[in-house]
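Next come the chains, spelled out residue by residue.
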Amino acid sequence: MNDRERHDAGMTVRREVLGDAHVDRAIAGTDAFTADFQDFITRYAWGEVWTRPGLDRHARSCVTLAVLAALHHDEELALHVRAALRNGLSPQEVAEVLLQVGVYAGVPAANRAFRVAREALRQEPGEA
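Residues numbered from 1 in each chain as written. Predicted model: local features only at pLDDT ≥ 70, side-chain atom pairs only at ≥ 80, totals over all residues. Heavy atoms only, no water.

**Describing the nonpolar core**
The condition is simple: To qualify as a nonpolar core, a set must consist of buried Ala, Val, Leu, Ile, Met, Phe, Trp, Tyr and Cys residues joined through side-chain atoms within 4.5 Å. Burial classes: relative accessible area under 20% of the type maximum marks a residue as buried, over 50% as exposed, and values in between as partly exposed (1.4 Å probe, protein chains only). Helix and strand assignments follow DSSP, with helices taken as H or I runs no shorter than four residues and strands as E runs no shorter than two, numbered in order from the N terminus. Here a residue-residue contact requires only that any non-hydrogen atoms of the pair lie within 4.5 Å.
In terms of nonpolar packing, the biggest core is built from 18 residues, with Leu65, Ala69, Leu77, Val81, Val94 and Leu98 touching the most fellow members. Looking at this core, the elements with two or more residues in it are helix H4 (57-70), helix H5 (74-86), helix H6 (91-104) and helix H7 (107-122). At six residues, H7 tops the list of elements feeding residues into this core. In contact with Leu65, other than residues within four places in its own chain, are Leu77, His80, Val81, Ala84, Leu89, Val94 and Val97. Grouped together as the second largest cluster of nonpolar side chains are nine residues, Met11, Leu18, Trp46 and Leu79 included.

Listed below in structure tokens is the structure:
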């Protein structure tokens, strides 16, 4: 796959997972300073990793939630909680992932993540 195809595939997955509204805001906010980064995440995160056949989107969402929670990346965690719902996770499954975080990354990380996730779950799924 060439860079253009990878970008196009990445943009398709990015829109399906995060929603058009979020992606449109990100694109609208792109300028000369952030353009290379936007291209990078579209091609590599979304066009290379999220399109691989080894894990389905449900599993990728679980992994993403756990890593973001463990690293205290709250804004991205909230975004990916809503994305996880689009990928078929239930709120109960999100909670199970965060319980797992509590065991392997620590109770403070899970406590914070539960707070972020609860707020994200109160928002409409399209508000990513």
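**Focus on H4**
As a reminder of what qualifies: What a helix should span is 1.5 Å times the count of its residues minus one. Working note: the arc is built from the helix axis to C-beta atom directions. Whenever a nitrogen or oxygen atom comes within 3.5 Å of another N or O atom, the pair is scored as a polar contact, on the condition that within protein one atom can donate a hydrogen and the other can accept it, and that pairs from neighbouring residues in sequence are kept only if both atoms are in side chains.
Compared with the 20 Å implied by 1.5 Å per residue over 14 residues, the 20 Å span of H4 between its first and last C-alpha is a close match. Within the span of H4, buried status applies to Arg60, Ser61, Thr64, Leu65, Leu68 and Ala69. For H4, the angular spread of buried residues about the axis comes to 155 degrees, placing them on one side. Where the residues of H4 are buried, they touch helix H3 (35-49), H5, H6 and H7. For H4, the N-terminal cap is Asp56; the gap from its side-chain oxygen to the backbone nitrogen of His58 is 3.3 Å. Immediately downstream of H4, the backbone of His72 shows phi near 60 degrees, a positive value.

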